[in-house]
Amino acid sequence: MDKNVLQSIAGVEIYPIISLAIFGLFFLGLLVYVLLSSRQHIDAMSQLPLLDDEATLKATLNHDIIC
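Cut-offs applied
- Residues numbered from 1 in each chain as written.
- Predicted model: local features only at pLDDT ≥ 70, side-chain atom pairs only at ≥ 80, totals over all residues.
- Heavy atoms only, no water.
- Helix = DSSP H or I, 4+ residues; strand = E, 2+ residues; numbered from the N terminus.
- Buried < 20%, exposed > 50% of the residue type's maximum accessible area, 1.4 Å probe, protein only.
- Areas by Shrake-Rupley, 256 points an atom, 1.4 Å probe, with all protein chains shown as cover.
- Patch = residues over 30% accessible without salt bridge, like charges linked within 9 Å, V, L, I, M, F, W, Y side chains within 5 Å.
- Salt bridge = Lys/Arg side-chain N within 4 Å of Asp/Glu carboxyl O.

### Some words on the overall build of the protein
Next, step 1: From N to C terminus, the protein includes five helices and zero strands.
Next, step 2: Starting at the N terminus, the α and β elements of the protein follow one another as α-α-α-α-α.
Next, step 3: Buried positions account for 7% of the 67 residues belonging to the protein.
Next, step 4: Element-wise, carbon and sulfur atoms account for 68% of the exposed surface of the protein, whose accessible area totals about 6,000 Å².

### Topic: a nonpolar patch on the surface
Next, step 1: Taken together, the side chains of L20, F23, F26, F27, L30, Y33 and V34 make up a nonpolar region of the molecular surface, amounting to roughly 760 Å² of accessible area.
Next, step 2: Locating Y33 in the fold gives a position in helix α2 (residues 14–36).

Spatial relationships are all this shows, so hold off on functional conclusions.
Take a look at the structure:
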């Protein structure tokens, strides 16, 4: 894109700052979620792809662990 086009837009310098802030806040939130989640919850979520059917799912996992 031509530099002159972006320079002609008023207030265009704020958009990179906003996008960097959104990017940083997302990964900061993700880091907080990972650090605060319980080991039991992580173990329950790691077993979900390996379960065969819904009956095994209900018998193995507790609703309180998932939510």
